[in-house]
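Inside the fold
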Amino acid sequence: MPDVIHAQRHAKRYESHKYWGRKPANVIRQYIAQYSRPGDLVLDPFCGSGVTLFEALALGRNAVGYDLNPVACFISENLLAREVDTLAFQKTGEAIIKRVAEAFPYYKVGCTCGNVGNLVNAVWQDGQYLAKYYDCPRCGYKMAAVTPFDRQILEQVALSETVWYPQNELPPNADARYVHELFTPRNLLALGLLLQEIKEVQDETSRNLLLYTFTANVAFAARLIPVNEKRFRQGRNCSGVWGFKRFWLPHFHVENNVFRYFRNRLARTAAAKAETNGLLAGRQATAKVINRSATCLAELADESVDFILTDPPFGDMIPYLDLSTLWNAWLQFGVDPAAEILIAPGRDEQNYYHQVLTVFQECRRVLKEGRFLVVAFNHKGLRAWHLLLGAIRQAGFTLQECLPAQDGEVSFTQTTSGAKGALRGYFIYVFQKSQPSGVEAGASLSLAEARARIEGELVNFVAGRPRSLTEIYHHLIPFTVNHNLLHEGLADNTIERLLEKRCRLVTQEESRVIEGERASLKSYYWALDEAVAGENRLS
Ligand SMILES: C[S@@+](CC[C@H](N)C(=O)[O-])C[C@H]1O[C@@H](n2cnc3c(N)ncnc32)[C@H](O)[C@@H]1O
Ligand SMILES: [Zn+2]
């Protein structure tokens, strides 16, 4: 395998529903192909939205996945559904939309020409209905100011019938207390009516895929979507994107027409299922998804699994359950937050270590002798690495290899965030089942020696030319792990402190096209600080 594994763009099947921390399918596929055979059983104890499970199945392996998050299991199951009649599904969805939309007068808007148009999105600023982008039968698509007619319509919503909607509490860092407060009354009503109709669908596969389409769309129907200001000024559809790691309510936001956006999503779900139908056609293998904590893999017998591939939740610091509140609430799925494995401020490190150890002990129990465990992980802190790798080794695995991998897509927020450059990509660890060591494996060198070796390697690496933070981590982490330098005394910020000691930050302007728009980006690189290097030479 090459030193750096390059990811490809997400395929259609992974673009129809958002989930956080999804790993590129081509990378996953490559590992499954290398470490297992057709007919084998592949396990992912933290399956998330199901990339491992699907790719395994598509390669003719049987697959089993666990996830604590009910909506993750739901997304996986819909991904894995096979022989879906995509035409029938789309027809059912279209018919529902037509019925609900025709009976819903509240997206009507007054056009400057005197006609009545259809809302695409309403633009709100600090609670004021500012403008609307709509489709007029005479003038086409247009942006215009709000009229008295439009305000009257909104007043009618308040007086209209009520439907069921979720009233669950949101995580403490959200900008609202309850789920329903994330929506305008108009969109809450539209969503409630749509959901009611979807629940009536008889065919289970279609019903689930419609619910999946519903949750894929629900954030876009909320007040969570900022206005794209440039497009707003140009008088175009100005709906922004939802890419935030908490429920943030922007002051300047859009209110998207639920039915229009749902209809677009319907086509995306259908395209995704057409793709999965093709990839799974004729496959004998089966897949199973279990909604429970991976600390207990009771469904699996000892030595029944051929290969384990996973992307554990503890590296990326993403609070999966919190972020999924919106989806779980609409689908009325109950969650068990106490069982979530997460490194976060205020969480007990010892308890975390124990949960991780328990999961990997279970993994060892179910894995056949001599077989492999591949783990993807992304974290800057050496302390986190020490904990994770310590737990895996203690459970009875030997590290074979550590490789950096690049993320598939670069999003706008990723490239612009982080003054010193965000860490992109992640690492792939290959372990083999061995004897449990009984003790936490540690470095054989002293802390000072370990730190000096890491510092020496850093200096060598940046001496040739300045390097980005991502390049530096992608070089130093495998070095540290492969040379057994992960001393337990190393702090989370050891690499950052060494950077500050030996290097200086240089910037470079770059012009790039991201998400269809040209942007000028500042890139940050770390260069060897010659002054410091010179000083060292003298001493
Ligand atoms: C990095 S994500 C996996 C993403 C996945 N590779 C994908 O393709 O979508 C980690 C997952 O671990 C789950 N998780 C957290 N604690 C868990 C536990 N105790 N047992 C099982 N799953 C857990 C989270 O819900 C999350 O979906
Ligand atoms: Zn008009």
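**Regarding the overall build of the protein**
Along its length, the protein carries 18 helices and 14 strands. Sequence-distant contacts in the protein: of pairs separated by 6 or more residues, those separated by 24 or more amount to 74%.

**Observations concerning the pairing of strand 4 (residues 116-125)**
Within a regular beta strand, the side chains point alternately toward one face of the sheet and then the other, so they alternate between its two faces. Sheet analysis places strand 3 (residues 108-110) next to strand 4, joined by 3 bridges and oriented antiparallel. Bridge pairing links Lys-108 to Asn-118 in strand 4. In sequence, strand 3 turns back onto strand 4 through a hairpin of 5 residues, with Gly-114 there showing a positive phi of about 100°. Taking the residues that link successive antiparallel strands as the turn, the strand 4-strand 5 (residues 128-136) hairpin has 2 residues, and the phi of Asp-126 there is positive, at about 45°.

**Observations regarding the confidence of the model for the protein**
Per-residue confidence for the protein gives a mean pLDDT of 88; residues scoring 70 or more make up 89%. Contacts for the low-pLDDT stretch residues 409-419, under 50 throughout, to residues beyond four places or in other chains number 14 contacts.

**With respect to the packing of helix 4 (residues 86-102) against helix 7 (residues 204-218)**
The geometry of helix 4 relative to helix 7 is characterised by a closest axis approach of 10 Å and an angle of 60° between their N-to-C directions. In terms of axis orientation, helix 4 runs oblique to helix 7. Between helix 4 and helix 7 lies a crossing of right-handed hand. Where helix 4 approaches helix 7, its residues Ala-88, Phe-89, Thr-92 and Gly-93 are matched on the opposing element by Ser-206, Leu-209, Leu-210 and Thr-213. For the contact of helix 4 with helix 7, the class distribution of residues is 4 nonpolar, 4 polar and no charged.

**Overview of the nonpolar core**
Residues Leu-191, Leu-194, Leu-373 and Ile-392 are the most contacted members of the largest nonpolar core, which totals 133 residues. With sequence-adjacent residues up to four places away left out, Leu-191 is seen in contact with Tyr-165, Phe-183, Val-218, Ala-221 and Val-258.

**Quick look at the site of ligand 1**
Residues in contact with ligand 1 amount to 22 residues; listed here are only the nearest, Gly-21, Phe-46, Gly-48, Val-51 and Asn-69. By residue class, the composition of the shell around ligand 1 is 11 nonpolar, 6 polar and 5 charged.

**Considering unusual backbone geometry**
The residue Glu-83 is not glycine, and still its phi comes out positive at about 50°. Tracing the chain through its elements places Glu-83 in the loop between helix 3 (70-80) and helix 4. Unusually for a residue other than glycine, Asp-126 sits at a positive phi of about 45°. Tracing the sequence through the fold places Asp-126 in the loop between strand 4 and strand 5. For Asp-126, a count of 8 C-beta atoms within 10 Å translates into the label exposed.

**Description of the sheet that holds strand 1 (residues 41-44)**
Reading across the sheet, the 7 strands line up as 8-2-1-9-10-12-11 and stay open at both edges, with mixed pairing between neighbours. Every interior strand has two partners, whereas the edge strands, strand 8 (287-290) and strand 11 (397-405), have only one. The average angle at which neighbouring strand axes cross in this sheet is 15°, direction not considered. Note: strand 1 against strand 2 (residues 62-66), 4 bridges, orientation parallel. Looking across to strand 2, one finds that Leu-43 is bridged to Val-64. Contacts from helix 2 (residues 51-58) reach strand 1, strand 2, strand 8 and strand 9 (305-310) within the one sheet, and its direction differs from that of strand 2 by about 175°. Running over the sheet, helix 12 (residues 349-366) touches strand 1, strand 9, strand 10 (367-377), strand 11 and strand 12 (426-433) and is turned about 145° from strand 10.

**Considering the packing of helix 12 against helix 13 (residues 382-395)**
The interhelical angle for the contact between helix 12 and helix 13, taken along N-to-C directions, is 40°, at an axis separation of 8 Å. If you check the angle between helix 12 and helix 13, you find them oblique. In this structure, helix 12 meets helix 13 at a crossing whose hand is right-handed. Of the residues in helix 13, those touching helix 12 at Glu-349, Tyr-352, Tyr-353, Val-356, Leu-357, Phe-360, Gln-361 and Arg-364 are Leu-387, Leu-388, Ala-391, Ile-392, Gln-394 and Ala-395. The class makeup of the residues in the contact of helix 12 with helix 13 is 10 nonpolar, 2 polar and 2 charged.

**Thoughts on the environment of Arg-393**
Inspection of the secondary structure puts Arg-393 in helix 13. Residue class for Arg-393 comes out buried when judged on the 20 C-beta atoms lying within 10 Å of it.

**Here we look at helix 6 (residues 185-199)**
For helix 6, which comprises 15 residues, the first-to-last C-alpha distance of 21 Å matches the rise-based estimate of 21 Å (1.5 Å per residue) to within 8%. Residues Arg-186, Asn-187, Leu-188, Leu-189, Ala-190, Leu-191, Leu-193, Leu-194, Leu-195 and Ile-198 constitute the buried set of helix 6.

**Focus: helix 16 (residues 469-482)**
A rise of 1.5 Å per residue sets the reference length of helix 16, with its 14 residues, at 20 Å; its end C-alpha atoms lie 20 Å apart and thus fit the reference within 8%. Phi turns positive, to about 55°, at Asn-484, one or two residues after helix 16.

**Re the environment of Glu-496**
Structurally, Glu-496 can be placed in helix 17 (residues 494-502). Measuring from C-alpha to C-alpha, the distance between Glu-496 and Tyr-473 comes to 9.9 Å, with 23 residues separating the pair along the chain.

**Describing the environment of Phe-46**
Here Phe-46 is to be found in the loop between strand 1 and helix 2. Through-space distance from the C-alpha of Phe-46 to that of Leu-68 is 7.9 Å; in sequence the pair is 22 residues apart. Once you skip the residues sitting within four places of it in the chain, Phe-46 turns out to touch Asp-67, Ala-294, Thr-310, Asp-311, Pro-312 and Pro-313.

Scoring rules and cut-offs
Residues numbered from 1 in each chain as written. Chains lettered and ligands numbered in written order. Predicted model: local features only at pLDDT ≥ 70, side-chain atom pairs only at ≥ 80, totals over all residues. Helix = DSSP H or I, 4+ residues; strand = E, 2+ residues; numbered from the N terminus. Contact = placed C-beta atoms within 7 Å. Pairing = 2+ DSSP bridges. pLDDT = per-residue confidence, 0-100. Axes fitted to C-alpha atoms, helices over the stretch in contact; angles between N-to-C directions. Parallel < 35°, antiparallel > 145°, perpendicular 65-115°, else oblique. Left-handed = near helix turned anticlockwise from the far one by under 90°. Nonpolar A, V, L, I, M, F, W, Y, C, P; charged D, E, K, R; others polar. Core = buried A, V, L, I, M, F, W, Y, C linked by C-beta atoms within 7 Å. Buried ≥ 20, exposed ≤ 12 C-beta atoms within 10 Å, placed from the backbone. Near = placed C-beta within 6 Å. Expected span 1.5 Å × (residues − 1).

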